[in-house]
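# A look at the structure
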Amino acid sequence: MRHRLIVLEVFIIALSSQAYVFVHQKQRTFTGSVGPRFDGGSTLESSTDSGDLPPALPAQPDTNDIRLEPFLPAADSNYRNVGPVGHGDFIVSREGEPRANELVNDNILRIVRGNCTDLEVNTLVWKCLGYRFANGAWNCEKVFPKWRDKYPDPPDFIGMQRVYSKQVDEPSLRANQQLVRSIPAEHKQQLRLHLKPMGFDGFKIATLTPNKTRRAQCANWLLYYREHLFGYTLEDLIERRNRREDEKASRQVQQQSIDEDWRPPIKEVF
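Residues numbered from 1 in each chain as written. Predicted model: local features only at pLDDT ≥ 70, side-chain atom pairs only at ≥ 80, totals over all residues. Heavy atoms only, no water.

## Description of the overall build of the protein
For the protein, the helix and strand inventory stands at 9 helices and 4 strands. When its helices and strands are written in sequence order, the protein yields α-β-α-α-α-β-β-α-α-α-β-α-α. A burial count over the protein gives 43% of its 270 residues as buried. The long-range share in the protein, meaning contacts at least 24 apart out of those at least 6 apart in sequence, stands at 76%. Carbon and sulfur atoms form 53% of the exposed surface of the protein, whose accessible area is close to 15,200 Å². (Helix = DSSP H or I, 4+ residues; strand = E, 2+ residues; numbered from the N terminus. Buried < 20%, exposed > 50% of the residue type's maximum accessible area, 1.4 Å probe, protein only. Contact = heavy atoms within 4.5 Å. Areas by Shrake-Rupley, 256 points an atom, 1.4 Å probe, with all protein chains shown as cover.)

And the structure:
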């Protein structure tokens, strides 16, 4: 009975969201003309991806159809534990550690092209963040400490329900933004670096949807993880961070000493 009430509630919210989207679509005209593109290197959620635009269906990549189709099974809190993953071309498994073949460019490209489900994208990101699936549920024993404090349960980075009301979607929006912020500034162009040679040129701004944008940002984070974090234990990463902070503090002390010892040159004038 509780599950039915949850589904009914989400369905009512979805109908309200669809009505808003219909009006919103009437106010915008999307063309196929070439314009600015988004390649996952910057956060557009606050402006272009405010949660008002519905996503294209994942089975239809590169489509201009932005109509919303809510995915009601994701309203069940247990969907993350039992929903199908890894049954198609996308390589991912709930169990175990992240694997190298889950992080190859071909697999990441399937994310931005929509050739995998929202749950599969989330599952891969969860594993890379340290969440582990055991005994029918996810645990946070190996999660990066800051993430564990903020998200003891794995958050939905995509918005799997595809219902873009504030009540339903805001947690997904905030979690995705937090993921983007965790990438150092010098590593925010991973999609362009690794996927452009494979034919990914980004998205036209006019065709962006919350789903496309969040998928690109998850893919960008996964590439950053693969290049700079994959293969290291949590203890290794903490030790590396502490060593980097110690080196930075040492440089600051040395620079301060140089600044204090410096005196302006004195030239006698007769």
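## Section: unusual backbone geometry
Residue asparagine 135 is not a glycine yet carries a positive backbone phi of 55°. Relative to the helices and strands, asparagine 135 resides in the loop between strand S2 (132-134) and strand S3 (137-139). Asparagine 135 sits in the exposed class, given a relative accessible area of 85%. In the Ramachandran plot, arginine 162 falls in the positive-phi region, its phi being about 55° despite a non-glycine side chain. Judged by its relative accessible area of 4%, arginine 162 is buried.

## Here we look at the nonpolar core
Core analysis: the largest hydrophobic core is formed by 48 residues, its most contacted members being Val112, Leu129, Phe157, Trp221 and Leu222. Where this core is concerned, the elements lending two or more residues are helix H3 (105-112), helix H4 (118-129), helix H6 (166-181), helix H8 (210-228) and helix H9 (234-261). Looking at this core element by element, the count peaks at 8 residues for H8. (Core = buried A, V, L, I, M, F, W, Y, C linked by side-chain atoms within 4.5 Å.)

## Focus on the packing of aromatic side chains
In the structure shown here, the tally under the stated rule is 8 aromatic pairs. Arranged with centres 5.3 Å apart and planes meeting at 75°, the rings of tryptophan 126 and tryptophan 138 form a pair that is edge-to-face. Linking tryptophan 126 in helix H4 with tryptophan 138 in strand S3, this pair joins segments that are 12 residues apart in sequence. Across the pair, exposure class does not vary: tryptophan 126 and tryptophan 138 are buried alike. Centroid distance tyrosine 225 to phenylalanine 230: 6.0 Å. Interplanar angle 50°. Geometry classified as tilted. One aromatic cluster is present, formed by Trp126, Phe133 and Trp138 through successive ring pairs. For the cation-ring pair, arginine 94 lies above phenylalanine 133, with the distance from its terminal atom to the ring centre recorded as 5.7 Å. The ring of tyrosine 232 has arginine 240 sitting right over it, with the charged end atom 4.8 Å from the ring centre. (Phe/Tyr/Trp six-rings, centres within 6.5 Å; stacked < 30°, edge-to-face > 60°. Lys NZ or Arg CZ within 6 Å of the ring centre and 35° of its normal.)

## Quick notes on the layout of surface pockets
Here the largest pocket is characterised by a volume of approximately 760 Å³. Of all the secondary structure elements, the ones that give two or more residues to the lining of the largest pocket are helix H5 (145-150), H6, H8 and H9. A per-element tally of the lining of the largest pocket places H9 first, with 6 residues. Partitioned by chemical class, the residues of the lining of the largest pocket number 12 nonpolar, 4 polar and 7 charged. (1 Å grid on protein atoms, 1.4 Å probe; cavity = no way out; pocket = protein on both sides within 12 Å on 5 of 7 lines; lining within 4 Å. Points joined across faces, edges and corners; volume = space filled by probe spheres on them. Nonpolar A, V, L, I, M, F, W, Y, C, P; charged D, E, K, R; others polar.)

## Description of the environment of proline 184
By the element assignment, proline 184 lies in the loop between H6 and helix H7 (190-194). Residue classification places proline 184 among the partly exposed positions, given a relative accessible area of 24%. Separated by 40 residues in sequence, proline 184 and tyrosine 224 place their C-alpha atoms 9.0 Å apart.

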